[in-house]
Amino acid sequence: MLSRLQELKKEEETLLKIKVMLQDQLNRLKFEEGALKSMIDAQSEESSTEPATPEVEVNPDDKNEINQTKLVLGAPIDYEMEEEEEDDDDVEDDDLDMVLEEEEEDEDDY
């Protein structure tokens, strides 16, 4: 009876750890969702404020047309931050897997 109580307390601790991990992950996902929504809103506002310019074919041999062509440069997008976040998620997933494996091993002992 005492060992069963200890087993249940251990399981409760494990479940509480899992709960905390899942809450952290949910908070990160909510934050990321908000950031993505603001990026989408900014892009939609940016595209709605720009007047629509008709695409005109440029003769590559005509210097006058080439010189009057508007050059649009875009800043490179930094994907490194997303990769780091994914790495953090992988570490936490590994932690969760380890907790679950420990729980399974404990159950096998009984």
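Residues numbered from 1 in each chain as written. Predicted model: local features only at pLDDT ≥ 70, side-chain atom pairs only at ≥ 80, totals over all residues. Heavy atoms only, no water.

Participant: How do you make sense of the overall build of the chain when you look at a structure like this?
Facilitator: Scanning the chain from N- to C-terminus turns up three helices and zero strands. Element order for the chain, N to C, with α for helix and β for strand: α-α-α. For the chain, buried positions account for 5% of its 110 residues. Accessible area of the chain: about 10,400 Å², with a carbon and sulfur share of 53%. (Helix = DSSP H or I, 4+ residues; strand = E, 2+ residues; numbered from the N terminus. Buried < 20%, exposed > 50% of the residue type's maximum accessible area, 1.4 Å probe, protein only. Areas by Shrake-Rupley, 256 points an atom, 1.4 Å probe, with all protein chains shown as cover.)

Participant: It is not clear to me how a negative patch on the surface should be interpreted in this structure. Could you clarify?
Facilitator: A contiguous patch of negative charge, built from Asp94, Asp95, Asp97 and Glu101, is present on the exposed surface. The residue Glu101 is located in helix 3 (residues 80-109) in this model. (Patch = residues over 30% accessible without salt bridge, like charges linked within 9 Å, V, L, I, M, F, W, Y side chains within 5 Å. Salt bridge = Lys/Arg side-chain N within 4 Å of Asp/Glu carboxyl O. Lys, Arg positive; Asp, Glu negative; His and termini not counted. Charge placed at Lys NZ, Arg CZ, Asp CG, Glu CD.)

Participant: Help me out: how do you make sense of the pattern of salt bridges in this one?
Facilitator: One side chain can pair with another of opposite charge once the charged atoms of both are near each other. Using the criterion set out here, one finds two salt bridges in the structure. We note a salt bridge from Arg4 to Glu7, for which the minimum N-O separation is 3.1 Å. One end of the pair, Arg4, and the other, Glu7, are both in helix 1 (residues 2-49), three residues apart, so they sit about a helical turn from each other. For Glu7, a relative accessible area of 17% translates into the label buried.

Participant: Help me out: how do you make sense of the confidence of the model for the chain in this one?
Facilitator: Close reading of the predicted structure is inappropriate where its pLDDT is low. When pLDDT is averaged across the chain, the result is 75; 54% of the residues are at 70 or more. Looking over the chain, one finds the lowest element-wise mean pLDDT in helix 3, namely 62, and the highest in helix 1, namely 93. (pLDDT = per-residue confidence, 0-100.)

Participant: Sorry if this is basic, but what is going on with helix 1 here?
Facilitator: Across its 48 residues, helix 1 extends 70 Å between first and last C-alpha, which sits within 8% of the 70 Å expected from 1.5 Å per residue. Looking at helix 1, one finds that the buried residues are Glu7, Thr14 and Ile18. (Expected span 1.5 Å × (residues − 1).)

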